[in-house]
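# Summary of structural features
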Amino acid sequence: MATLTKTLKLPFLRLNQTKAEMFARLERLNTEVANAILALPKDHRRALTSKSFAGVEIGSAWINQTIRNANARTHVKRFLRLPLETNNQNWRLHRTGATFSLGFGLLRGIKKRVPLEVHAASHRDALTALWEGRAKAGSLMLVRSKKGIWYACLSVSMDVPDAENTGRWVGVDRGQNIPVAAATPDGPVVFWKAARMRHVRRIYAERRCKLQKAGKRRAVKNLESKERRIVTHINHCISKDLVALAKRQGAGLILENLAGIRGRSKQRQETKSDAGQNRDYWPFYQLEAFVRYKALAAGVQVDSVRPHYTSKTCHVCGALNERRKHAYVCTRCGHQAHADANAAMNIRDWYGLCCPLELEVPAGGPHEPAPNPVRETAAQAAA
Ligand SMILES: [Zn+2]
């Protein structure tokens, strides 16, 4: 059994003006408390409890969390806004008919129930699981969007059955130009292109540079967070599609293990100076994290293989060749393919195979390229 943790962001149903104003006022108060904590010397902060803020009208459970949050963020000098948060012991979910509501006491000694608006079916399922005791409640956070809508962010964790091994795999090659090339079990390779990601990187780098020169630091920060949101959104879309593809094919996903790639691979300074191509801006890890949790929720298995030689090896004969940009041409068998498609097919077919450590001994004499040991193992396995 694996544990799936989700955060449900649910708007409050017809929240009246008084309550919205109260939330806003208490959030400001909460931020003041957090900033007061930051102003204290470090050894004083450790000794703080909710009693230290007995005069503040926010409930003690919320204040305790504020103390924890303020102490945890050591790099923050001052909070502009710290949302109100509490742990699982201080809120309850209630249900009347089809309407879910949250019961929590924001002010000291006063408990109120506030109904929630639930549209997404997956949110409704998660809330039903929580109400029926099949899921565990986590923290509750009250956040306000830029448009001024108040949301309850509920953290819910539940056990999900382990994904079944169907013996079919989709090989996933992640790259900078083509974020994802996925080789389906039956052959065709599906591409996700993200010219938009490159475009966003370039445009934003240019704008940031101008603002930096003009000394507009706040505007630079805002631009950075906007860029981050766009890239995150693209990664959400790609990972959602990818998991859906694997689900439709009844297959699991095989990724390359790209840990440490930034340290290993070198880029020319000229390439690096182009924000669209700089590998440091390549959000491959976020994509993997999104794929893993979406796959967990969908019951799709995810595993990884070593990335070495996946893009250099010919998928047909196993010879090693260099890729030329997007084109892969094998000098031995003449196989031609898109370089990322070739890599994705290697990733798909190499999974679960082992490689005998005789790479330095070419089998067919010094002039013949060494046959790929992995391919041989595959042939043996087939025989
Ligand atoms: Zn070949």
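See the structure printed just above.
What this report covers is the structure whose coordinates are included nearby. Being a predicted model, the structure only gives us computed values, none of them experimental.

Once that is clear, we can look at the sheet that holds strand 11 (residues 252–256). Judged by pairing direction, the sheet is mixed, and its five strands sit side by side in the order 10-9-8-11-12 without closing on themselves. Edge positions in the sheet fall to strand 10 (189–192) and strand 12 (302–305), since each has one partner strand and no second. Averaged over all pairs of adjacent strands, the angle between strand axes in this sheet comes to 25°, irrespective of strand direction. Examined bridge by bridge, strand 8 (residues 169–174) and strand 9 (residues 180–183) share four bridges and lie antiparallel to one another. Looking at the pairing, Val172 lines up with Ala182 of strand 9. Along the sheet face, helix 10 (residues 339–350) touches strand 8, strand 9, strand 10, strand 11 and strand 12 and points at about 135° away from the line of strand 8.

Pairing within the open sheet is antiparallel, and its four strands lie in the order 1-7-6-2. Each of the sheet's edge strands pairs with one partner strand only, and the pair in question is strand 1 (2–11) and strand 2 (84–86). Averaged over all pairs of adjacent strands, the angle between their axes in this sheet comes to 15°, without regard to strand direction. Where strand 2 lies against strand 6 (residues 135–144), three bridges are found, and the strand directions are antiparallel. Counterpart to Leu84 in the pairing with strand 6 is Leu142. This element, helix 1 (residues 17–38), spans strand 2, strand 6 and strand 7 (150–160) of the sheet and lies at about 85° to strand 2.

In this structure, Thr74 sits in the loop between helix 3 (60–72) and strand 2. Taking the C-alpha atoms as reference, Thr74 lies 8.8 Å from Leu38; in sequence the two are 36 residues apart.

This part covers unusual backbone geometry. Of note in the backbone geometry, Tyr309 takes a positive phi value of approximately 65° without being a glycine. As for its placement among the helices and strands, Tyr309 is situated in the loop between strand 12 and strand 13 (327–329). Judged by C-beta crowding, with 16 C-beta atoms within 10 Å, Tyr309 ranks as partly exposed. Despite not being glycine, Lys325 shows a phi value in the positive range, around 50°. Structurally, Lys325 can be placed in the loop between strand 12 and strand 13.

Calculation notes
Residues numbered from 1 in each chain as written. Predicted model: local features only at pLDDT ≥ 70, side-chain atom pairs only at ≥ 80, totals over all residues. Pairing = 2+ DSSP bridges. Helix = DSSP H or I, 4+ residues; strand = E, 2+ residues; numbered from the N terminus. Axes fitted to C-alpha atoms, helices over the stretch in contact; angles between N-to-C directions. Contact = placed C-beta atoms within 7 Å. Buried ≥ 20, exposed ≤ 12 C-beta atoms within 10 Å, placed from the backbone.

Function cannot be inferred from these measures alone, as they are strictly geometric.
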